[in-house]
Structures are given as C-alpha cells and as structure tokens.
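Per-entry structural report
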Amino acid sequence: METINRRTVLATGAAALAGVAALNDAAEAQAGPKAIFPVGQTTIPIAGSKDVFPVRRIYCIGRNYAAHAIERGSDPTREPPFFFQKPTDAIQVVAVGTVADHPYPLLTKNYHHEVELVAALKSGGTNIPADKALDCVYGYTVGLDMTRRDLQNGMSAEKKPWEIGKSFDHSAVLGPIQPVSKTGHFAKGAISLAVNGAVKQNSDLKNMIWSVAEQISKLSEAFELKAGDIIYSGTPENVGPVVKGDVLLCKLEGLPDMSIKIV
Ligand code: MN
C-alpha cells in the first residue's frame with residue numbers, strides 16, 4: 001500500500017508541476033518577448049537623494065572656448081557649435097570626496113584631460129528656443145571628456161570619424177548630478193583642472209562661446225532631445241596628457257570637486 005501511495009503522490013505532484021509550467025508558459029506568452037540577457041541602464045546618483053538619474057544619451061560640444069579652439073587649430077569665431085556622442089555606458093561616476101581609480105585606456109600613448117560643465121536634461125524636444133532651453137535642465141555636474149588625442153588626431157588627419165578617440169569605455173567621467181533647484185544655472189564661474197597639484201586648465205564658464213541654453217537650442221535643431229540626455233559643454237584651453245599614477249582634481253565654482261587617479 002505504501003508503494004502505491006507513494007506512486008500516487010508522485011504522479012499527482014508531476015501533474016501539478018506540469019500545470020504550473022503550463023501556467024508559466026501562458027503568462028510568458030502574454031508578457032511578450034523578453035530580453036535573452038540583462039543589459040544595465042546607466043544611471044548617475046543625484047546629490048541629496050536616494051533616486052538616480054537614468055542616462056539616455058551623452059552629447060559633447062567641441063571647441064566651445066575660443067582659446068581651446070585656437071590650440072586645436074581652428075577658428076575661434078562664432079561658427080555653429082558641433083557635437084559628437086559618447087556611448088551611454090562610457091560613464092564613470094565619481095563619488096564626492098573620493099579619488100576614483102580610472103583605467104588608462106587601450107591603444108593610446110597620448111591620453112588627455114578635458115574638464116567640462118555637464119548639464120543633465122529632464123525634458124527635451126526639437127527646435128527649442130534658447131530662451132526656453134534652460135527649462136529642460138534637471139541639474140549639473142563637473143565632468144571629464146577623456147580623450148585619446150593621438151587617435152583623435154590620426155582620424156582627423158584622415159577625415160575619418162573621431163569615435164576611437166572620444167567614444168571609448170570610461171571616457172565620460174562625472175560626479176553626482178546636483179539639482180538645479182540647489183545650484184541655479186551656470187552662466188559664469190571658475191572652472192579648473194589640476195594634475196598632481198599643478199593647475200593645468202583654468203578658465204571661467206563665461207568664456208564659453210555657446211552658453212548651455214544655446215547648446216541645447218542648437219542640439220535640438222539636429223536631434224530630438226529627451227529626458228535623460230546629458231551634455232558635456234566643452235573644455236577650456238590647456239588640455240594635456242596624463243600618465244598612470246597622475247591624480248586629477250576638477251573644480252567648478254558652485255559644484256563639489258571631482259577627482260580621479262589614472263591607474
Ligand atoms: Mn570636450
């Protein structure tokens with residue numbers, strides 16, 4: 001009897017499991033296709049909040065300070081701004097008060113720092129007028145548009161895309177987003193970068209050729225901007241190389257400092 005009972009129990013259990021599997025199949029069919037493996041959403045911490053800022057796209061403006069345009073060999077007159085993108089997962093977030101290890105990247109022998117103001121958008125659109133553009137900004141942070149200058153220059157010389165010089169892993173370094181409700185907007189203010197304590201880049205945001213509002217307006221003529229987009233607003237003059245062991249300290253008046261060590 002005991003044997004029969006056990007068989008009965010087993011059979012009943014198997015039928016129950018089959019029923020559960022059938023229910024699961026039905027539920028999955030109803031839910032639609034599922035990703036075959038997980039891919040993470042890039043996020044940036046928000047200062048003073050448990051919430052995070054989800055990143056959609058990273059735009060960068062080129063040559064937005066006249067003195068940097070000159071050192072890069074172009075005309076600093078007010079010609080339309082130009083833009084490039086970095087992949088969203090190129091972001092390296094650096095917590096306030098820490099010195100984050102930043103890996104020296106592959107291929108390059110001339111790895112450059114570019115300290116920049118970064119604007120983070122909470123809304124977007126197309127053909128946004130400059131006088132409405134700042135309404136799109138959620139907050140700001142200080143960032144580094146790290147650049148494999150030798151590869152960028154090599155591609156430029158051949159009239160090929162910059163991707164390999166600009167759009168690589170860890171190339172978009174930044175601090176937590178500071179909500180604009182706390183910082184206000186940034187039309188002016190000191191921006192600097194020091195390497196091992198020696199100041200290399202030192203300028204003021206008022207020297208930007210195109211303001212943040214104008215950058216958003218011009219970008220939105222070419223791309224539909226959306227919440228989650230961030231914009232690196234260009235670097236002042238005196239970009240230069242870093243090597244393993246260097247400690248970079250970025251300062252932007254009104255924002256917390258941001259620091260990395262090249263490893
Ligand atoms: Mn840059």
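Source: prediction; values computed, not measured.

1. Overview of the sheet that holds strand β17 (residues 247-252)
- Sheet architecture is open: 5 strands sit in the order β6-β18-β17-β13-β14, paired in mixed fashion. Lying at the two open borders of the sheet, with one neighbouring strand each, are β6 (99-102) and β14 (198-204). On average, each strand axis in the sheet is inclined to that of its neighbour by 20°, with strand direction left out of account.
- Summarising the sheet, strand β13 (residues 190-195) and β14 pair through 6 bridges and their orientation is antiparallel. Note that in β14 the partner of Ala190 across the bridge is Asp204.

2. Some thoughts on the coordination of the manganese ion
- With distances of 2.0 to 2.1 Å, the protein atoms coordinating the manganese ion are Glu114 (OE), Glu116 (OE) and Asp145 (OD).
- Each donor residue of the manganese ion belongs to the same chain, with the gaps between them written as E-x1-E-x28-D. By the burial criterion, Glu114 is buried, and Glu116 matches it.

3. Some words on the sheet that holds strand β10 (residues 147-148)
- Read from one edge to the other, the open sheet built from 3 strands follows the order β10-β7-β16, with strand pairing classed as antiparallel. Edge positions in the sheet fall to β10 and β16 (240-242), since each of these pairs with one other strand and no more.
- The pairing of strand β7 (residues 111-113) with β16 spans 3 bridges and is classified as antiparallel. Bridge pairing in β16 places His113 opposite Gly240.

4. Observations regarding helix α4 (residues 149-157)
- Among all positions of α4, only Arg149, Leu151 and Gln152 are buried. Angularly, the buried residues of α4 cover 165° about the axis, an arc narrow enough to put them on a single face.
- Of the residues flanking the end of α4, it is Lys159, one or two places downstream, whose phi is positive at about 55°.

5. Brief notes about the pattern of salt bridges
- This structure, assessed with the given rule, holds 8 salt bridges.
- With a closest N to O distance of 2.8 Å, Lys86 and Asp145 form a salt bridge. A residue pair is termed long-range when its members are at least 10 positions apart, and Lys86 in strand β4 (residues 82-86) and Asp145 in strand β9 (residues 137-145) qualify at 59 residues. Take Lys86 and Asp145: they sit in the same class, and that class is buried.
- Ionic pairing is found between Lys218 and Glu221, a salt bridge with its closest N-O pair at 4.0 Å.

6. A look at the nonpolar core
- Counting residues in each nonpolar core, the largest one holds 40 residues, and the members touching the most others are Leu144, Met146, Ile216, Leu248 and Ile260.
- At the level of secondary structure, the elements contributing two or more residues to this core comprise β8 (115-121), β9, β13, α7 (212-222), β17 and β18 (258-262).
- In this structure, Phe84, Val118, Trp162 and Leu174 belong to the second largest nonpolar core, which totals 17 residues.

7. Some remarks on the pairing of β13
- The buried count for β13 comes to 5 of 6 residues, which makes it a mostly enclosed element.
- Between β13 and β14, which pair antiparallel and follow one another directly, the connecting turn spans 2 residues, one of which, Asn196, has a positive phi of 50°.
- Sheet topology places β13 next to β17; 5 bridges connect them, and they run antiparallel. Paired with Val195 across the bridge in β17 is Leu248.

Conventions adopted
- Residues numbered from 1 in each chain as written.
- Predicted model: local features only at pLDDT ≥ 70, side-chain atom pairs only at ≥ 80, totals over all residues.
- Heavy atoms only, no water.
- Pairing = 2+ DSSP bridges.
- Helix = DSSP H or I, 4+ residues; strand = E, 2+ residues; numbered from the N terminus.
- Axes fitted to C-alpha atoms, helices over the stretch in contact; angles between N-to-C directions.
- Donors = N, O, S within 2.8 Å, 3.2 Å for Na, K, Ca; no water.
- Buried < 20%, exposed > 50% of the residue type's maximum accessible area, 1.4 Å probe, protein only.
- Arc of directions from axis to C-beta.
- Salt bridge = Lys/Arg side-chain N within 4 Å of Asp/Glu carboxyl O.
- Core = buried A, V, L, I, M, F, W, Y, C linked by side-chain atoms within 4.5 Å.

Shape is all these values report; function is a separate question.
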